[in-house]
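Each chain, letter by letter, is given below.
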2 protein chains.
Amino acid sequence: MNAIERLVIRLSKLPGLGKKSARRMVYYLLDGDPQFTRDMAAELSALHETIIRCGVCGSFTEADPCPICADPRREPLICVVERAQDVQVIEESREFQGRFHVLGGLIAPLEGINPGDLRLGPLLHRVREQGIREVILALNPTVEGDTTALYIRQLLKDFPLEVTRLASGLPVGGDLEYADRLTLSRSFRGRTRF
Amino acid sequence: MNAIERLVIRLSKLPGLGKKSARRMVYYLLDGDPQFTRDMAAELSALHETIIRCGVCGSFTEADPCPICADPRREPLICVVERAQDVQVIEESREFQGRFHVLGGLIAPLEGINPGDLRLGPLLHRVREQGIREVILALNPTVEGDTTALYIRQLLKDFPLEVTRLASGLPVGGDLEYADRLTLSRSFRGRTRF
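Residues numbered from 1 in each chain as written. Chains lettered and ligands numbered in written order. Predicted model: local features only at pLDDT ≥ 70, side-chain atom pairs only at ≥ 80, totals over all residues. Heavy atoms only, no water.

**As for the overall build of chain A**
Within chain A, the regular secondary structure consists of 8 helices and 6 strands. The order of helices and strands in chain A, counted from the N terminus, is α-α-α-β-β-α-β-α-β-α-β-α-β-α. Computed over its C-alpha atoms, the radius of gyration of chain A comes to 21 Å, more than 25% above the 16 Å expected for a compact globule of 194 residues. Across its three principal directions, the C-alpha atoms of chain A cover 60 × 45 × 35 Å. Counting only residues that meet the buried cut, chain A has 41% of its 194 residues in that class. Counting only contacts in chain A whose residues sit at least 6 apart along the sequence, the fraction spanning at least 24 positions is 48%. (Helix = DSSP H or I, 4+ residues; strand = E, 2+ residues; numbered from the N terminus. Rg over C-alpha atoms; globule rule 2.2 N^0.38 Å. Buried < 20%, exposed > 50% of the residue type's maximum accessible area, 1.4 Å probe, protein only. Contact = heavy atoms within 4.5 Å.)

The following block contains the structure:
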């Protein structure tokens, strides 16, 4: 096996890439400027040294605490998300001016993921210390997301704060005809005055 | 812009990758074993040093001449392809036991690609020196592929060899109903006795 095939096999382990698309990429690199490939290699090789986890919220950052946790203008709300990449998605929507907390997973007993595996201790610590007014659960509307949301609501029930969850319903631009029953049922239960 | 975003932007320049899938990959790498990312970086950084172009056929190889050109058991047929990756596809089909020649493009005057830009001189040289019996044009059935095929046929008309072209027609498993007119027309003209 030569260097092309070794790299193809490695790239095809990345999410969403099969062997065909991985091969296409390697040939694209071979046909292109060697400097581009070398720069990519340098960025990859430095990735784990440059990017660390924020000790407060658990998201990926170059500085600890991360720019969001270090920003005093952020409101005393905490948006709880499953994974670090969810922070990026919400930040890009510019919908939320508060802080974040990355759980690092969702409760899934069948997969052996229990509450103890999530960053719940640090969440309680922050709620106690940072004068948090509201905890927004931005967890996926799945069985695991629902379970985790219920668990956290229970955990926070004695704190003087609101626990809310992102609305679940029809996606904007979606079609009623193609909505599944559960989504439809949630969009009815969560209907708002118009 | 931090190291994650820089890498996302670089990866999203690869063919078939948008910013969303590139970001998914970077987070996959960050969540995974740092050694995997470092190995990938090392393989990328060595890519252009390890993989060179074969001086005979023009395909990518670790040794010059490449294993195919260096193999005396290969038959004296030359399969002419547009790009180096086409060699890999044909080799994997195990359909062909001859040799290859990579043109490095197809004639496309509107894009400024003229016969002088392709590796046609080396092809003539090989045809003269290597006692080639047949030249198989494995070029895409497109306008550029057709133009290039006609040009090469003309170029080789005084040599004592056959010039053939891969059959064009309905793909195996395809559906007549969805075949375009040109494919249908070619499959009629190229029909074989059954």
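**Thoughts on unusual backbone geometry**
Residue and element names in this part refer to chain A. In this structure, P65 follows D64 across a cis peptide bond, with omega equal to 0°. With respect to the helices and strands, P65 occurs in the loop between β2 (60-61) and α4 (67-70). Even without glycine at this site, R94 takes up a positive phi of about 55°. Looking at the secondary structure, you find R94 in the loop between α5 (84-93) and β4 (99-102). A relative accessible area of 71% places R94 in the exposed class.

**Some remarks on the environment of A:V87**
Residue and element names in this part refer to chain A. Relative to the helices and strands, V87 resides in helix α5. Taking the C-alpha atoms as reference points, V87 and G131, 44 residues apart in sequence, are found 21 Å from one another. Here V87 is in contact with S59, I68, V81, F100 and V102, once residues within four sequence places are set aside.

**Side note on the nonpolar core**
A:L11 and B:L11 are the most contacted members of the largest nonpolar core, which has 42 residues in total. Not counting residues up to four positions away in its chain, the partners in contact with B:L11 are A:M40, B:L17, B:A22, B:M25 and B:V26. (Core = buried A, V, L, I, M, F, W, Y, C linked by side-chain atoms within 4.5 Å.)

**Here's the deal with the domain arrangement of chain A**
Considered domain by domain, chain A is made up of domain 1 (3-50) and domain 2 (74-172 + 182-186). Look at where the C-alpha atoms of domain 1 of chain A and domain 2 of chain A centre, and you get two points 35 Å apart. (Domains from an automatic or database assignment.)

**Describing the sheet that holds β4(A)**
Strands pair in a sheet through their backbones, by hydrogen bonds, and they do so in one of two ways: parallel or antiparallel. All names here are of chain A. Strand order in this open sheet of 4 strands is β4-β3-β5-β6, and the pairing throughout is parallel. A strand with exactly one partner marks an edge of an open sheet, and here the two such strands are β4 and β6 (162-165). Direction aside, the axes of adjacent strands within the sheet are offset by 25° on average. In the sheet, strand β5 (residues 134-137) pairs with β6 via 4 bridges, with the strands oriented parallel. Residue pairing in the sheet places I136 in a bridge with T164 of β6. (Pairing = 2+ DSSP bridges. Axes fitted to C-alpha atoms, helices over the stretch in contact; angles between N-to-C directions.)

**With respect to the interface of chain A and chain B**
If you look at the interface, chain A gives 46 residues, while chain B gives 45 residues. Taken together, both faces of the contact between chain A and chain B bury some 4,700 Å²; the carbon and sulfur share is 68%. Ranking the residues of chain A by area buried against chain B places A:R10, A:L44 and A:H48 at the top, with a combined share of 15%. Applying the counting rule to chain A against chain B returns 12 salt bridges. Among the ionic pairs, A:R38 bridges to B:E49, the shortest N-O distance being 3.5 Å. Where chain A touches chain B, the interface holds 12 residue pairs in polar contact (both at pLDDT 80 or more). Every element with two or more residues in the side of chain A that touches chain B is listed here: α1 (3-11), α2 (19-31), α3 (34-50) and α5 of chain A. Residue contributions to the side of chain A that touches chain B peak at 14 residues, all from α3(A). Here the residues of the side of chain A that touches chain B sort into 22 nonpolar, 9 polar and 15 charged. (Buried area = accessible area lost by both parts, 1.4 Å probe. Salt bridge = Lys/Arg side-chain N within 4 Å of Asp/Glu carboxyl O. Polar contact = N/O pair within 3.5 Å; in protein donor to acceptor, adjacent residues only side chain to side chain. Nonpolar A, V, L, I, M, F, W, Y, C, P; charged D, E, K, R; others polar.)

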